[in-house]
Amino acid sequence: MSSSSSSFENDVNSSSSSCKLPLKRIPGGYGLPFIGPIKDRLDYFYNQGRDEFFKARMNKYQSTIFRANMPPGPFMASNPNVIVLLDALSFPVLFDTSTVEKRNVLDGTYMPSIAFTGGYRVCAYLDPSETNHALLKRWFMSSLAARHHHFIPLFRSCLSELFTSLEDDISGKGEAGFNDISDNMSFNFVFRLFCDKYPTETALGSEGPGIVSKWLLFQLAPLMTLGLSFLPNFLEDLLLHTFPLPPLFVKSDYKKLYDAFYAFGSSVLDEAERVGIKRDEACHNLVFLAGFNAFGGMKALFPALIKWVGLAGEKLHRRLADEIREVVKAEGGVTFSALDKMDLTKSVVYEALRIEPPVPFQYGKAKEDTVVHSHDAAFQIKKGEMIFGFQPFATKDPKVFENPEEFVADRFVGKGGRLLKYVYWSNGREVDYPTAENKQCPGKDLVVLLSRVILVEFFLRYDTFDIEFGNLPLGSSVTFKSLTKANHT
């Protein structure tokens, strides 16, 4: 019996088996005040690197649950102490809002200044117990639902411009950087979806993606390293991880972004006012939804998807092209129905979300004393302790997934679909749905849909492609070296 099948059966019986696990003290520690968090921060960013930081401690303590400090630490986070979860069994406690509080934990042990969001704590920072959370999230979901019929045709239109840019760059330069072209396409899609207007027809011009990327950088800098060889580690640590970058430096950029959404997102903002949300507050939430959640997610996800499909090679490309072209021909076009019948294409998207989730971290503060279970033991977490889940380890749990470090394109085809409940990228299980009462991404299904459409449009136009990839502070970089057009186009 395979490891994935046995783990699936074990999980079905987890309620009876977990109570038999020994209750152990959580291993690890935080070190001396100030010194311990600084040491862990330096290990995380420079001495070991992110993945090795977790792997080394997991091996040292022989446990997927342990205590450590998470960046940024002093002087930005008042308390960097967390309990780390690295396995698929314990991780979902972070989705249970009856057990954990999600107030101000989007970015972890620190929270960026609300000056980045017009003085409001936007929905992403609210716990579901707060009144505004349900009001705002229902508005998000209803706004997306009202634009449901635009998703596919609008995104295909934006992708057409992306392919033109890729082909022009390869023709003129011999290669094409995917990230910037993808960012432009993503911002165009998001802005047109909510504002029904090209951003270039507004005061934003072509600056939208750059403005949002700069705004994201100033908020997320404490969680990243730039990897610049000419910048000494101690200096980068001082600049990015010790004191917050001042919102003043992006104030005018943010105002330009806000003004564009305020001027052209009137239908969305009108609906917000009808349900009792102040127009100003609604617009700041809309900017965050469009810029941080949607654009920021696409900025990480789309290059990762193309990277993994590109690395899988021509054999997978042929299989995807055959499936996509056959279904599109039979269905008479790229429709919701057609996309749902592409089993391999769906599996490839889920596999990309599993192996390189766009949001690697989840946090929550224990509302009460609670017990969490790994595969091997039970651990008691005290009320008020911060729980941290590192998703790339949880979704590569070898006791759940066979060959977890490999990109297996058809992993979720057929009976493999049972494993979707271990895909956690959306702040929830893939088999669950966002509601006003939980913290699961309101655009979860849209993200999956758009990822499928990218693959469909690629393999309707091209037979195969070659890429090179690298690492960026937020995700992967992808460069197209060649595109082989489909014979029938």
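Heads up: the structure comes first, above all this text.
First, a word on what this report is: a plain description of the structure on this page.

## Quick notes on the side chain of Thr464
Point 1. Along the polypeptide, Thr464 turns up in strand β10 (residues 462-472).
Point 2. Here Thr464 falls in the buried class, since its relative accessible area comes to 13%.
Point 3. Side chain to side chain, Thr464 and His317 meet in a polar contact 2.7 Å long.
Point 4. Excluding its chain neighbours within four sequence positions, the residues that come into contact with Thr464 are Glu314, His317, Leu483 and Thr484.

## Points about the pattern of salt bridges
For side chains of opposite charge, pairing can occur when their charged atoms come near one another.
Point 1. Under the defined criterion, the tally for this structure stands at 37 salt bridges.
Point 2. Glu130 is the salt-bridge partner of Arg121, the closest N and O atoms lying 2.8 Å from each other.
Point 3. Its relative accessible area of 14% is what places Glu130 among the buried residues.
Point 4. With its nearest N and O atoms 3.9 Å apart, the salt bridge here joins Glu405 to Lys396.

## As for the side chain of Thr117
Point 1. Within the element layout of this structure, Thr117 appears in the loop between β4 (100-101) and α5 (131-146).
Point 2. Excluding residues that lie within four positions of it along the chain, Thr117 makes contacts with Val122, Trp215, Tyr254, His284 and Phe288.

## Structural notes on the sheet that holds strand β2 (residues 65-69)
Point 1. The sheet built from five strands is open, its strands ordered β2-β3-β9-β6-β4 with mixed pairing. Since the sheet does not close on itself, it has two edges, and those belong to β2 and β4, each with one partner.
Point 2. Sheet analysis places β4 next to strand β6 (residues 361-366), joined by two bridges and oriented antiparallel. The residue of β6 that forms the bridge with Glu101 is Lys365.
Point 3. The strands touched by helix α4 (residues 50-61) are β2, β3 (81-85), β6 and β9 (386-390); relative to β2, the strand with the most contacts, the crossing angle is about 130°.

## Overview of the packing of helix α10 (residues 251-264) against helix α12 (residues 279-312)
Point 1. Here α10 crosses α12 at 110°, and the two axes come no closer than 9 Å. Considering the angle they form, α10 stands roughly perpendicular to α12. In this structure, α10 contributes Tyr254, Leu257, Tyr258, Phe261 and Tyr262 to the contact, and α12 contributes Arg279, Asp280, Cys283, His284, Leu286, Val287 and Ala290.
Point 2. Considering only residue class, the contact of α10 with α12 consists of nine nonpolar, one polar and two charged.

## A short note on the pairing of β6
Point 1. Most of β6 is tucked away: five of the six residues are buried.
Point 2. Note: β6 against β9, five bridges, orientation antiparallel. When the sheet's bridge partners are listed, Gly364 is paired in β9 with Ile387.

Parameters at a glance
- Position labels on residues start from 1 in each chain and follow its written sequence.
- In view of the model being predicted, local features appear only for residues whose pLDDT reaches at least 70, and side-chain atom pairs are presented and counted only at 80 or more, with totals across whole chains, interfaces and linings using the full set of residues.
- Remark: hydrogens and water are excluded; side-chain values derive from all non-hydrogen atoms of the structure.
- Numbering of helices and strands runs from the N terminus; a helix is a DSSP stretch of H or I covering at least four residues, while a strand is a stretch of E covering at least two.
- Categorising residues by exposure relies on relative accessible area from a 1.4 Å probe, with only protein chains included: less than 20% of the type maximum marks a residue as buried, more than 50% marks it as exposed, and the intermediate range marks it as partly exposed.
- Any pair of N or O atoms that falls within 3.5 Å is considered a polar contact. Within protein, one atom must be able to donate a hydrogen and the other to accept it, and sequence-neighbouring residues count only if both atoms are side-chain atoms.
- Note on definitions: a residue-residue contact is assigned when non-hydrogen atoms from the two residues lie within 4.5 Å.
- Each reported salt bridge corresponds to a side-chain nitrogen of Lys or Arg within 4 Å of a carboxyl oxygen of Asp or Glu.
- Between any two strands, pairing holds if DSSP finds at least two bridges.
- Every axis in this analysis is a line fitted to C-alpha atoms, fitted for helices over the stretch in contact. Angles between the N-to-C directions lie between 0 and 180 degrees.
- Each angle is binned into one of four classes, with values under 35 degrees roughly parallel, values over 145 roughly antiparallel, values of 65 to 115 roughly perpendicular, and all other values oblique.
- Ten residues, namely Ala, Val, Leu, Ile, Met, Phe, Trp, Tyr, Cys and Pro, are considered nonpolar, four, namely Asp, Glu, Lys and Arg, are considered charged, and the remaining ones, Gly among them, are considered polar.

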